[in-house]
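# Architecture at a glance
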Amino acid sequence: MYKEADFDIIVVGAGHAGCEAALAAARMGFETCIFTINLDTIAQMSCNPAIGGLAKGHLVREIDALGGEMAKVTDSAGIQFRILNRSKGPAVWSLRAQADRLLYRVNMRKVLETQPKLTIKQGMIERIEVRNGRVCGVVTSLGIFYGARAVIITTGTFLKGLIHIGLESFPAGRAGEFPSVGLSESLKQLGFRMGRLKTGTPPRLDSKSIDFSKTTEQWGDNPPPPFSFSTEKITNPQIPCYITYTNEKTHKIIRDNLDRSPLYSGRIKGIGPRYCPSIEDKVVRFSERPRHQVFLEPEGLQTKEYYANGISTSLPYDVQVALVRSIPGLEDAEIMRPGYAIEYDFVYPTQIKHSLETKFVDGLFLAGQINGTSGYEEAAAQGLIAGINAALKLRGSPPLILGRQEAYIGVLIDDLVTKGTTEPYRMFTSRAEYRLLLRHDNAEFRLRDKGYQIGLVGEQEYERFLKKREALEKELRRLDETRLSPEEVNEILLEAGTNPISEKTPLSQLLRRPELDYEFIKRVSPSPYGLTEELEKLVNTEVKYSGYIKKQYEMVKRMKRLEEKKIPEDFNYDTVAGLSREVLSKLKEVKPTSIGQASRIPGVTPAAISLLLIALERQRKTKKEYTKEEAQK
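To keep things clear, this report deals only with the structure shown in the data block. Residue positions are given per chain, counted from 1 along the sequence in the order it is written. Restriction of local features to residues with pLDDT of at least 70 applies here, the model being predicted, together with a cutoff of 80 or more for giving and counting side-chain atom pairs; totals for whole chains, interfaces and linings are based on all residues. Side-chain descriptors were evaluated using all non-hydrogen atoms of the structure, hydrogens and water having been removed beforehand.

## Notes on the packing of aromatic side chains
How two aromatic rings sit relative to each other is set out by the distance from centre to centre and by the angle between their planes. Here is the rule: Note on aromatic contacts: the rings of Phe and Tyr and the six-membered ring of Trp form a pair at centre separations within 6.5 Å, being stacked when their planes are under 30 degrees apart, edge-to-face when over 60 apart, and tilted otherwise. Comment: the charge-over-ring label is applied if NZ (Lys) or CZ (Arg) is within 6 Å of the ring centre and within 35 degrees of the ring normal.
In this structure the tally under the stated criterion is eleven aromatic pairs. Through a chain of ring-to-ring contacts, the aromatic side chains of F445, Y452, Y462 and F465 assemble into a single cluster. It is R289 that lies over the ring of F286; its NZ or CZ is 4.8 Å from the centre. The ring of Y425 has R431 sitting right over it, with the charged end atom 4.1 Å from the ring centre.

## Looking at unusual backbone geometry
Note the threshold: Going along the chain from the N terminus, every DSSP run of H or I of four or more residues is numbered as a helix, and every run of E of two or more is numbered as a strand.
For the bond running from N222 to P223, omega is 0 degrees, close enough to zero to count as cis. Mapped onto the fold, P223 is located in the loop between strand 14 (216-218) and strand 15 (241-245). With phi around 70 degrees, K117 is a residue other than glycine that occupies positive phi space. With respect to the helices, strands and loops of the structure, K117 is situated in the loop between helix 4 (101-113) and strand 6 (118-122). Backbone geometry places K591, a non-glycine residue, at a positive phi of 50 degrees. Within the fold, K591 resides in the loop between helix 18 (581-590) and helix 19 (595-599).

## A closer look at helix 16 (residues 533-544)
What counts, and what does not: One less than the number of residues in a helix, times 1.5 Å, gives the span that helix is expected to have. Whether two residues are in contact is decided by their heavy atoms: any pair within 4.5 Å suffices.
When the terminal C-alpha atoms of helix 16 are compared, their 17 Å separation across twelve residues agrees well with the 16 Å that a helix rising 1.5 Å per residue should span. For helix 16, the elements touching its buried residues are helix 11 (443-454), helix 12 (459-481), helix 14 (507-511), helix 15 (518-524) and helix 17 (546-563).

## A word on the pattern of salt bridges
Cut-off, in case you're wondering: Here, a salt bridge means any side-chain nitrogen of Lys or Arg that lies within 4 Å of a carboxyl oxygen of Asp or Glu. We call a residue buried when its accessible area falls under 20% of the maximum for its residue type, exposed when it is over 50%, and partly exposed in between, using a 1.4 Å probe and counting protein chains only.
Scanning all chains against the criterion turns up 57 salt bridges. Put simply, R404 and D414 hold a salt bridge, and the shortest N to O gap is 2.8 Å. With R404 in the loop between helix 9 (376-395) and helix 10 (408-419) and D414 in helix 10, this residue pair connects regions lying ten residues apart in the sequence. Notably, a salt bridge pairs K468 with E534, separated by 3.6 Å at the nearest N-O pair. Linking K468 in helix 12 with E534 in helix 16, this pair joins segments that are 66 residues apart in sequence. Classification of K468 by relative accessible area gives buried; the value is 12%.

## Regarding the environment of L112
Tracing the backbone through its elements, the reader meets L112 in helix 4. Along the backbone, L112 and E20 are 92 residues apart, and their C-alpha atoms lie at a distance of 9.5 Å. Ignoring anything within four residues of it in the chain, the contact list for L112 reads C19, L23, I34, I42, L118 and I120.

## A closer look at the side chain of S355
To be explicit about the condition: Side-chain atoms alone can form a polar contact between residues adjacent in sequence; in general such a contact is a pair of N or O atoms within 3.5 Å, and within protein one must be able to donate a hydrogen while the other accepts it.
Of note, S355 is situated in the loop between strand 19 (340-347) and strand 20 (364-366). A relative accessible area of 6% means that S355 is categorised as buried. Looking at S355, its side chain comes within polar contact range of the main-chain nitrogen of E357, at 3.3 Å.

## Digging into the packing of helix 12 against helix 16
Quick reminder of the rule: Interaxial angle, 0 to 180 degrees, is taken between N-to-C directions of lines fitted to C-alpha atoms, where a helix line uses only the stretch in contact. When an angle is under 35 degrees it counts as roughly parallel; over 145 it counts as roughly antiparallel; between 65 and 115 it counts as roughly perpendicular; any other value is oblique. It is the rotation of the near helix from the far one that decides the hand of a crossing: anticlockwise by less than a right angle makes it left-handed, clockwise makes it right-handed. Throughout, the ten residues Ala, Val, Leu, Ile, Met, Phe, Trp, Tyr, Cys and Pro are labelled nonpolar, Asp, Glu, Lys and Arg are labelled charged, and all others, Gly among them, are labelled polar.
Packing of helix 12 against helix 16 brings their axes to within 10 Å, and their N-to-C directions diverge by 45 degrees. In this view, helix 12 runs oblique relative to helix 16, as classed from their interaxial angle. Both helix 12 and helix 16 take part in a crossing whose hand is right-handed. Residues K468, A471, L472, E475, L476 and L479 of helix 12 form the contact with helix 16, whose participating residues are E534, L535, L538, V539, E542 and V543. Here the residues of the contact of helix 12 with helix 16 sort into eight nonpolar, no polar and four charged.

## Description of the environment of T421
Within the secondary structure layout, T421 lies in the loop between helix 10 and helix 11. Its relative accessible area of 11% is what places T421 among the buried residues. Along the primary structure T421 and R431 are separated by ten residues, whereas in three dimensions their C-alpha atoms are 14 Å apart.

This is the structure:
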């Protein structure tokens, strides 16, 4: 076996998880090498050309606050930006951006190629080398060995990838690319339990053949709100998307051809995403619905290719043509690339720690779809944390573990590690207990300090943040301390359709009224701190929802007490009397680090938690008495 070189950290895969992992490791000062099967598909947007969306936008903002790259590259490639859910409360507002697929890939590759301490290599990794329970490197398909002190696997859908179009199937990591077979076998040989998942894409259409007059045009926000807290302005031209719908004719075509669907003929064994199903799945599961939305998304500024979001399918090509042409505006549409389903191997995520290091192999980290997630954003978030923690491990420092009350990233990883998954995991705001604390507008205030402390946020960015935080704190304090008399505000209050006041009242109390917003503050008592529009909106939210925010902080304090009750790594669950076999099995599989985590394991009852607490207290007393006896001897 030929040895090429040694690195501190090796990253396998250059998708969204791999890019973040490699950049984080290199920026934290470690010699890093990232391997990809094809240099030309680094940061490829394999599915739709968009970043963010409900809850996913929160993840992107958090990645940016910690010093990751996804938000910045999205801003450099974005061609439409829109905040979703504005009609609802601020906890569920979320930013989404259409991206120029080519521009995103080119810009991310440029970032990687210019990053010091980062080497990029094209090659297929076939085997993970482990000695005495610790990773020591990787071996390529050419038999070349590369040494490493830590390895991060971010293989996306490439592990034994199998594409299905109708009843035809062929091995591929994604359309036109080789799958990774040997690496999957290597992981199994190391003792990892693995499963099979499925995802898919819709057909891509030639816009020259689309009649957009029969669709509804949808533009983004103006001015476009950037993802990154460092971006001052979006400079790309902004273009619209278009909406149309399936109909009964479409649904009949699908129903008549279900026998030719690999999904319903039994050819596909993997479990697909519940919240992003194929069009054939939608038609079967939601048969009462007369139509389903089709969102036509431009692939970029320099191409005529459009992504037909909403009709992901693995039906045969001739059926895809028929169903597409049954949709208003698409009667003459030409398919440039057919839709397909892809099956791939994944590792059951209860086999990893919160740091994303595996429990079986020291120094081996997993991130992205290999852990059972779906989506660019979930992958990038895991990649960033894996890269950070691989570097921290080599430094000899404790890992960065984000709590559920600190970040959606914390919710994502805790869900995977504690609850596991048997279907592609997708982030939703409903998964977070403290979502009013985890808004997309305050991600910087939650996580920027951490990004700076680990070395991913530069001095200039951090100084800008400190000034922003100071201005926010001063303004919130001013609103509490400044009281206005009836003579100063009653006329304006009546104009706004709200009740007048009879005594001096704090500005913050007035701002909590539903009829008023921060524009009222600017009119009656402008801030002396020169707040940006972004900070004005943040102040408005913090004041209006202060009561609810306070209640959520109280919930966090109560839960923190359970999180602080640690469970020793070597704790013997067999000694806990009264646990059912099911609960015992789950506790042994997950090996929770705290009572808080144990309480979130599906099937672990409050009664089981009580038994666990009693056993831990008994063990603590026994250990204390033993230590006392030893001291006396």
